[in-house]
Amino acid sequence: MSNTTADMARPAGLDRRETVRALLADRKDLLVVTGLGSSTYDVAAAGDHDLNFYLWGAMGGAAMIGLGLALAQPDRPVLVITGDGEQLMGLGALATIGAQRPANLGIVVLDNGHYGETGMQRSHTALGVDLIGVAKACGFAWTETVERADQIEHLRMRIARRDGLGFANVRIAANDPPRVLPSRDGVEIKNRFRRALGFSTI
Amino acid sequence: MSAGTPAPEWRDQVFETLQHNRIEQVVYVPDAGHSRLIARAHAEPGMRAYPLSTEEEGVAAVCGAWLGGQRSVLLMQSSGVGNCVNMLSLMSNCRFPLVTLVTMRGEWAEFNPWQVPMGRGTPGAFELMGVQVRRVDDAAVAADEVQAAIDDAYGADQAIAVLFSQRLLGRKKWER
């Protein structure tokens, strides 16, 4: 099958902004880490929050920041929202996380099969790589492929309930909505996150 | 200490330094030189020790732990330092504290030439990304160097790498 045919076989995909807004609705004590690029903008577009840690770089690091955070804060749900390209750069992290299985960590990959930030080049997931299969093989307690908007509420509730280590692949449309840029001052977003949890900044 | 009690091994002193400083996550890519520290960390209920598939994962985990209010330490050998370079931009950009303890290869009585390039490049790779490098050649000061690194990281918001020299660690036995 040619790459073009593989692309055409993908369903149209969910709207990324609406998906993330629905996932973050009524977030209560949820802690959020975002992967660089569009996922960071999507989470910012849903509403800035002291307990969002936005990455603007460190590609491949979002899930592992989520692990360190989830182990440190076992009583709160931790949600990593990232893209397929960012997660592919940290594929080994799924093995490391699967070996620890914190029940309060969920990883949601917004999968459009493309590197959106760099000119929409196809990623591995558009070329046949199955991230759900990887997460299952790494021992995640649950996985979900999300293709319809009515699945998002169930996903949101699972994460809020700390229902075991989870991984979801959300099939989103490969479009490039207007940028909504949160602070890119790393010291500020780190310090406000800690302050919001009641920790001193140093 | 009573007469006849052997002096505590420096590796145990390093472990106890981590304990006294409330280090709660110990993340590592294993090395023979760290094996005692890793075993003791796993046996300590107040610590969560876990292996990484590659060293840069540990850089990110340390940041997550700090966001969540925990101190941590990253253990690796010199061959893994180059893997961390881009991830260390987290420390430069966000000023996350970092204590990493690195066992050196490729610098003294080395048998494996493949260890040499990254061993030589280790201080430079850290310095490239703004991590301060200290070197320990003497077992008598190892625990104090680790204490100072923790003070500088968690007191003065710095990123510190402590390199345990290959001479300190001793020759690796190749023939079995």
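Residues numbered from 1 in each chain as written. Chains lettered and ligands numbered in written order. Predicted model: local features only at pLDDT ≥ 70, side-chain atom pairs only at ≥ 80, totals over all residues.

Caption draft 1: Quick look at helix α9 (residues 186-196) of chain A. Gly186, Ile189, Lys190 and Phe193 of chain A are the residues of α9 of chain A that are buried. Taken end-on, α9 of chain A shows its buried residues confined to a sector of 100°, consistent with a single buried face. Set apart from the buried face of α9 of chain A by more than 90 degrees, the exposed residues are Glu188 and Arg195 of chain A. Of the surrounding elements, those touching the buried residues of α9 of chain A are β2 (52-54) of chain A together with α3 (55-67) and α4 (89-94) of chain B. Just beyond α9 of chain A, the residue with positive phi is Gly198 of chain A, at close to 90°. (Buried ≥ 20, exposed ≤ 12 C-beta atoms within 10 Å, placed from the backbone. Helix = DSSP H or I, 4+ residues; strand = E, 2+ residues; numbered from the N terminus. Arc of directions from axis to C-beta. Contact = placed C-beta atoms within 7 Å.)

Caption draft 2: The sheet that holds strand β1 (residues 31-34) of chain A, seen in detail. Residues and elements named next belong to chain A. If you walk across this open sheet you meet the six strands as β2-β1-β3-β4-β8-β7, and the pairing is parallel. In the strand order of this sheet, the two ends are held by β2 and β7 (142-146), each with one partner. Shown here is a sheet whose adjacent strand axes are inclined to one another by a mean of 15°, direction ignored. Relative to β2, β1 is paired through three bridges, and the arrangement is parallel. (Pairing = 2+ DSSP bridges. Axes fitted to C-alpha atoms, helices over the stretch in contact; angles between N-to-C directions.)

Caption draft 3: Just the packing of helix α4 (residues 62-72) of chain A against helix α6 (residues 91-100) of chain A, in detail. Residue and element names in this part refer to chain A. Remark: α4 packs on α6, axes separated minimally by 9 Å, with the N-to-C direction vectors making an angle of 20°. Here α4 is positioned roughly parallel relative to α6, judged by the angle of their axes. Seen along the crossing, α4 lies across α6 with a hand that is left-handed. Packed against α4, whose contacting residues are Ala63, Met64 and Leu67, the element α6 presents Ala93, Leu94, Thr96, Ile97 and Gln100 at the interface. (Parallel < 35°, antiparallel > 145°, perpendicular 65-115°, else oblique. Left-handed = near helix turned anticlockwise from the far one by under 90°.)

Caption draft 4: Highlighting the environment of Arg148 of chain A. Structurally, Arg148 of chain A can be placed in the loop between β7 and α8 (152-160). Placed 23 residues apart in sequence, Arg148 of chain A and Arg171 of chain A show a C-alpha to C-alpha distance of 8.5 Å.

By themselves, these observations are geometric and do not establish any function.
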